[in-house]
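Inside the fold
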Amino acid sequence: MARSKSARAAGLIGALVISLLGGGCQGTGLVDEGLFNRRSAAPASLASQQRRDPALSGNGRFLASIVEASGRSTVLLQEQPSGRVLPLRHLRSHLPHSSPALSWNGRYLALVLQQGHQPLAAIEDRLSGQLLRLPAPAGARIERLSLAPDGLTLALQLVQGGQQRVQLFDLSALLEPDRPGGLRSSNPLP
Amino acid sequence: MSQHQPLKGLGVGAPSGGGPALNQGGLLALAAMATLLAGCLGTMPVPWAGLNRQLEQAGGHRDPALGDGWLAVIEQKGGRQQVVLIDLKQQRPVAVPGLNRPDALPISVSVDARGERLALVRQLEGRTEVVLYRRGLMSLQPIAMGPGTVPTAVQLRADGRQLAVQVSRAGLWQIDLLDLP
């Protein structure tokens, strides 16, 4: 009888441990080593060439990154997981590029590019074909940017007077939202 | 948004095809100019003036990452750097207990669309690591990157289910993709 109780207690403890593990070990701070039913914990390298500044679209279909081409930093847009390179209408020049960001469906690709001697924020609308240019506020230089998944807010990292600061801009008067569920446009490409 | 001020210097460029014909007489040119001007005035990015002012007063900031209605950013204040998550609707920071450590230096941060998950590269005790923070659970989970791999930047997919990590490996900058549960 005592042995039976002991076995039952051990079983309960085992079930509790399994339950905790199945729950994702939330809050334990354990290092991920594939214990928690993760689909792919192992990093998958995309290529052997130099690349940086990754940006995934919200739906996971596109990856933008910066690659070194002939010594110049150039944005590269790829479909996932095939790796197929997608053309960009406006962004073959104004190098170097940096800090790409994609909206939810990949309609908008924002990045920092070079116009003359000044870095400039730009957003290519891959659906309408338009390019939106956003110069830095007076006296500031643009270093990085982030675009909200719906494409309606832009954050700029600026350097002004030797200090880094961040400013936000509302783009809702300029861009249509790019939200989950598909693309919509009042001005579709033919 | 009523406090937003228009940003000067915006340009919206049509890729090709040119603009309206302005050389068909004075009246037509005036009408076209008026139309263009009205269009430009209605299509300017608008600074979040109140929030931008708050950010400026709070110290230096870098590495902004936007969700839908959320801003994660690294704040530099009083010689210390920490990750701040701001609710853009309320225009105020929200608590992220357990995310920041006084002995850790944040390098790069990213947030999902809902402001629920944050990914962070930080230096701690002489090494660089990636951690995933779940705000609802207040949990912090280190993510192993493999031997010889030094993470330098992160970008979390908007649905929070995939993480792109910029790494330095064998002298090369590369990008690793990790699926998250």
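Attention in this report is confined to the structure presented alongside it. This one's a predicted model, so the numbers in the text were calculated from it and none came from an experiment. (Residues numbered from 1 in each chain as written. Chains lettered and ligands numbered in written order. Predicted model: local features only at pLDDT ≥ 70, side-chain atom pairs only at ≥ 80, totals over all residues. Heavy atoms only, no water.)

Looking only at helices and strands, one finds one helix and 11 strands in chain A. When the helices and strands of chain A are listed from N to C terminus, the series reads α-β-β-β-β-β-β-β-β-β-β-β. Taken across its 190 residues, chain A has 47% of its residues classed as buried. Put simply, of all contacts in chain A between residues at least 6 apart along the chain, 37% involve residues at least 24 apart. By element, 53% of the accessible surface of chain A is carried by carbon and sulfur atoms, the whole surface being about 9300 Å². (Helix = DSSP H or I, 4+ residues; strand = E, 2+ residues; numbered from the N terminus. Buried < 20%, exposed > 50% of the residue type's maximum accessible area, 1.4 Å probe, protein only. Contact = heavy atoms within 4.5 Å. Areas by Shrake-Rupley, 256 points an atom, 1.4 Å probe, with all protein chains shown as cover.)

Our next topic: the overall build of chain B. Assigned secondary structure in chain B consists of two helices and 13 strands. When the 181 residues of chain B are sorted by exposure, 51% land in the buried category. Taking contacts inside chain B between residues at least 6 apart in sequence as the whole, the part at least 24 apart equals 37%. Total accessible area on chain B is roughly 8400 Å²; 57% of this is exposed by carbon and sulfur atoms.

What follows is about the side chain of Ser 110 of chain B. Residues and elements named next belong to chain B. Structurally, the position occupied by Ser 110 is in strand S7 (residues 104-111). You can call Ser 110 buried: its relative accessible area is 4%. Side-chain polar atoms of Ser 110 contact the backbone nitrogen of Leu 156, separated by 2.8 Å. Those residues in contact with Ser 110 that lie beyond four places of it in its chain are Ala 65, Arg 117, Leu 118, Ala 119, Val 154, Gln 155 and Leu 156. (Polar contact = N/O pair within 3.5 Å; in protein donor to acceptor, adjacent residues only side chain to side chain.)

Let us look at the sheet that holds strand S4 (residues 70-77) of chain B. Residues and elements named next belong to chain B. A sheet is described by the order of its strands in space; here four strands give the open sequence S3-S4-S5-S6, paired in antiparallel fashion. Unpaired on one side and paired on the other, strand S3 (60-66) and strand S6 (92-94) mark the two borders of the sheet. If you compare each strand with its neighbour and ignore which way they point, the axes differ by 40° on average. For S4 and strand S5 (residues 80-87), the ladder comprises eight bridges, and the chain directions are antiparallel. From the neighbouring strand, Glu 75 faces S5, where its bridge partner is Gln 82. Helix-sheet contacts for helix H2 (residues 49-58) involve S3, S4 and S5, and the interaxial angle to S4 is about 25°. (Pairing = 2+ DSSP bridges. Axes fitted to C-alpha atoms, helices over the stretch in contact; angles between N-to-C directions.)

Looking now at the sheet that holds strand S8 (residues 117-124) of chain B. All names here are of chain B. Spatially, the four strands line up as an open sheet ordered S7-S8-S9-S10, and their pairing is antiparallel. Strands with a single pairing partner mark the edges of an open sheet, and in this sheet they are S7 and strand S10 (139-143). Along the sheet, successive strands turn relative to each other by an average axial angle of 30°, direction set aside. Across eight bridges, S8 lies against strand S9 (residues 127-134) in antiparallel orientation. Its bridge partner lying in S9, Leu 118 is registered against Tyr 133.

The subject of this paragraph is the nonpolar core. Generally speaking, soluble globular proteins have nonpolar side chains that are buried together. All names here are of chain A. Judged by nonpolar contacts, the single largest core of 21 residues is most densely connected at Ile 123, Leu 145, Leu 147, Leu 156, Leu 171 and Leu 175. Listing elements by their share of this core, those giving two or more residues are strand S6 (108-115), strand S7 (118-125), strand S8 (131-134), strand S9 (141-147) and strand S10 (153-160). Residues Ala 55, Ile 66, Leu 88 and Leu 91 belong to the second largest nonpolar core, which totals 16 residues. (Core = buried A, V, L, I, M, F, W, Y, C linked by side-chain atoms within 4.5 Å.)

A few words on the packing of aromatic side chains. According to the stated counting rule, one finds zero aromatic pairs over all chains in the structure shown. Sitting over the ring of Phe 62 of chain A, Arg 126 of chain A keeps its end group 4.9 Å from the ring centre. (Phe/Tyr/Trp six-rings, centres within 6.5 Å; stacked < 30°, edge-to-face > 60°. Lys NZ or Arg CZ within 6 Å of the ring centre and 35° of its normal.)

To continue, consider the pattern of salt bridges. Residues and elements named next belong to chain A. Following the criterion strictly, the structure yields 15 salt bridges over all chains and no others. Note that Glu 79 and Arg 61 form a salt bridge whose closest N and O atoms lie 2.8 Å from each other. Taken together, the residues Glu 79 in strand S4 (residues 72-79) and Arg 61 in the loop between strand S2 (51-56) and strand S3 (62-69) connect sequence positions 18 residues apart. Among the residues examined, Glu 79 registers a relative accessible area of 13% and is labelled buried. Judged by relative accessible area, which is 44%, Arg 61 ranks as partly exposed. With its nearest N and O atoms 2.8 Å apart, the salt bridge here joins Glu 176 to Arg 107. In this pair, Glu 176 is assigned in the segment after strand S11 (163-170) and Arg 107 in the loop between strand S5 (98-102) and S6, connecting sequence segments 69 residues apart. The same class applies to Glu 176 and to Arg 107, which are both buried. (Salt bridge = Lys/Arg side-chain N within 4 Å of Asp/Glu carboxyl O.)

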